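# Structure at a glance
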Amino acid sequence: MHLQLNEHFWSIQGEGAHAGRTAVFLRLQGCPVGCSWCDSKLTWYAGGERVAVEAIPEIVSVYPESELIVITGGEPLIYDLDPLLETLRRHFPQRSLHLETSGAFPYKGVERPNWTTLSPKYPVDFDVAPNVLLAASELKYVVDEHFTPEIVQRHEQELAALGRPLPPVCLMPEGCPPLAETVERTMQLLRRHPTWRFGPRLQYSHTAIAEGEGRNNQQVTSEDARAAAHRHRHEREASPREPARH
Ligand code: SF4
């Protein structure tokens, strides 16, 4: 089986409950959800490399040791991740496998990572896939002018119908770096919901972390993302070669 790999890098997990832990990131290509403030639009269109799942442990091994292997995107659940999860678990039994998803697509197989960060994109209207809700280790929401606590309550009700309590809730101020007004809005929400947590974005707070991040986690316009995909396609056609492994 092959996956379209947008990029990979070693860094510090910058977001969510595991912020600060060392991680090798595998960013998969492709996402049809279309959030306006997406900071990985460069995954939306053609790009990345087609990589055999069996070659991915070798890619991970190029980097320094890490506690985590984080599968992100794009939207990783557009793929059947069973082969990747099984392969990573076999090669790196000591590392924790984490996945970041919008929940717009279900898990297609039976394997689950050790940690699922579910980050529903409420400005786009879709129901979170029930098997992703069930697997969620944390719920992470981007706080912008559209975010309301009712969105969390809706997911809490959906979870209750599935027989599960609400996992930890993390509110992450929108912006790269977070905007002063969204930080203030997040603080106001936390005053009213004290068991929810403030979600950092360490990669936008510390230059040294940002420099270690991949090239495709950045704010660009949809047009720029489309132009980058066009350039990528053109370059590939101009110099056909075997799919790169890393
Ligand atoms: S779901 Fe994630 S990757 Fe997809 S558009 Fe939204 S923020 Fe970007």
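Scroll up for the structure.
Right, let's walk through the structure included here. (Residues numbered from 1 in each chain as written. Predicted model: local features only at pLDDT ≥ 70, side-chain atom pairs only at ≥ 80, totals over all residues. Heavy atoms only, no water.)

## Digging into the overall build of the protein chain
Scanning the protein chain for helices and strands turns up 7 helices and 9 strands. By the burial criterion, 52% of the 246 residues in the protein chain qualify as buried. When contacts within the protein chain are restricted to residue pairs at least 6 apart in sequence, those whose partners lie at least 24 apart make up 69%. (Helix = DSSP H or I, 4+ residues; strand = E, 2+ residues; numbered from the N terminus. Buried < 20%, exposed > 50% of the residue type's maximum accessible area, 1.4 Å probe, protein only. Contact = heavy atoms within 4.5 Å.)

## Focus: the packing of aromatic side chains
Considering all chains together, one arrives at 3 aromatic pairs under this definition. Between Phe9 and Phe25, the aromatic rings sit 5.0 Å apart at their centres with planes inclined by 15°, giving stacked as the arrangement. Here Phe9, found in strand β1 (residues 2-12), pairs with Phe25, found in strand β2 (residues 22-28); they are 16 residues apart in sequence, far enough to count as distant. Like Phe9, the residue Phe25 is buried in the burial classification. Between Tyr141 and Phe147 the ring centres are 5.5 Å apart and the planes differ by 50°, which places this aromatic pair in the tilted class. With relative accessibility at 0%, the residue Phe147 sits in the buried group. (Phe/Tyr/Trp six-rings, centres within 6.5 Å; stacked < 30°, edge-to-face > 60°.)

## Structural notes on the side chain of Thr101
Tracing the sequence through the fold places Thr101 in strand β5 (residues 96-101). One polar contact links the side chain of Thr101 to the main-chain amide nitrogen of Gly103, over a distance of 3.0 Å. In contact with Thr101, not counting residues within four places along its chain, are Glu75, Leu77, Thr116, Thr117, Leu118, Ser119 and Val132. (Polar contact = N/O pair within 3.5 Å; in protein donor to acceptor, adjacent residues only side chain to side chain.)

## So, the pairing of strand β4 (residues 68-72)
Where burial is concerned, most of β4 is hidden: 5 out of the 5 residues are buried. Both faces of β4 are covered, namely the face carrying Leu68, Val70 and Thr72 and the face carrying Ile69 and Ile71. As paired elements, β2 and β4 share 5 bridges and run parallel to each other. The residue bridging Phe25 from the neighbouring strand is Val70, located in β4. Examined bridge by bridge, β4 and β5 share 4 bridges and lie parallel to one another. Its bridge partner being in β5, Ile69 is matched across the sheet by Leu97. (Pairing = 2+ DSSP bridges.)

## Quick look at the nonpolar core
Formed by 52 residues in total, the largest nonpolar core has its most connected members in Ile56, Leu88, Tyr141, Phe147 and Leu171. No other element matches the 4 residues that strand β7 (residues 138-143) contributes to this core. Leaving out residues up to four positions away in the same chain, Leu171 has contacts with Tyr141, Val143, Phe147, Thr186, Leu189, Leu190, Trp196, Arg197, Phe198 and Gly199. If you look at the next biggest cluster of nonpolar residues, it comprises 5 residues, including Phe9, Ala23, Phe25 and Val70. (Core = buried A, V, L, I, M, F, W, Y, C linked by side-chain atoms within 4.5 Å.)

## Regarding helix α5 (residues 180-192)
In this model α5 runs 19 Å from its N-terminal to its C-terminal C-alpha over 13 residues, within 8% of the 18 Å that 1.5 Å per residue would give. Buried positions along α5 lie against β7, α4 (149-161), β8 (169-173) and β9 (197-198). (Expected span 1.5 Å × (residues − 1).)

## With respect to unusual backbone geometry
Here the residue pair Gly73 and Gly74 is connected by a cis peptide bond, since its omega of 10° sits within 30 degrees of zero. Here Gly74 shows up in the loop between β4 and α2 (82-91).

## Looking at the sheet that holds strand β3 (residues 49-52)
The sheet built from 9 strands is open, its strands ordered β3-β1-β2-β4-β5-β6-β7-β8-β9 with mixed pairing. The strands lining the two open edges of the sheet, one partner per strand, are β3 and β9. When β7 meets β8, the two strands line up parallel, connected through 5 bridges. Each residue of the ladder has a partner; that of Val143, found in β8, is Pro173. Of the strands in this sheet, β7 and β8 touch α4, which is tilted by about 160° from β7. (Axes fitted to C-alpha atoms, helices over the stretch in contact; angles between N-to-C directions.)

## What about α4?
Helix length check: α4 (13 residues) gives 19 Å between terminal C-alpha atoms against 18 Å at 1.5 Å per residue, within 8%. Where α4 is buried, its residues contact α3 (130-135), β7, β8 and α5. Positive phi shows up at Gly163, right after α4, with a value of about 80°.

## What to know about the pattern of salt bridges
Tallying each qualifying case throughout the model produces 11 salt bridges. Asp39 serves as the salt-bridge partner of Arg201, at 3.1 Å between the closest nitrogen and oxygen. Taken together, the residues Arg201 in the loop between β9 and α6 (207-212) and Asp39 in the loop between β2 and β3 connect sequence positions 162 residues apart. Judged by its relative accessible area of 8%, Arg201 falls in the buried class. Here Arg154 ties to Asp127 by a salt bridge, and the two come within 3.2 Å at their closest N and O atoms. Taken together, the residues span a long stretch of sequence, with Arg154 in helix α4 and Asp127 in the loop between β6 (115-118) and α3 at a distance of 27 residues. Take Asp127: its relative accessible area is 58%, and that puts it in the exposed class. Linked by salt bridges that have partners in common, Glu15, Asp39, Lys140 and Arg201 make up one network. (Salt bridge = Lys/Arg side-chain N within 4 Å of Asp/Glu carboxyl O.)

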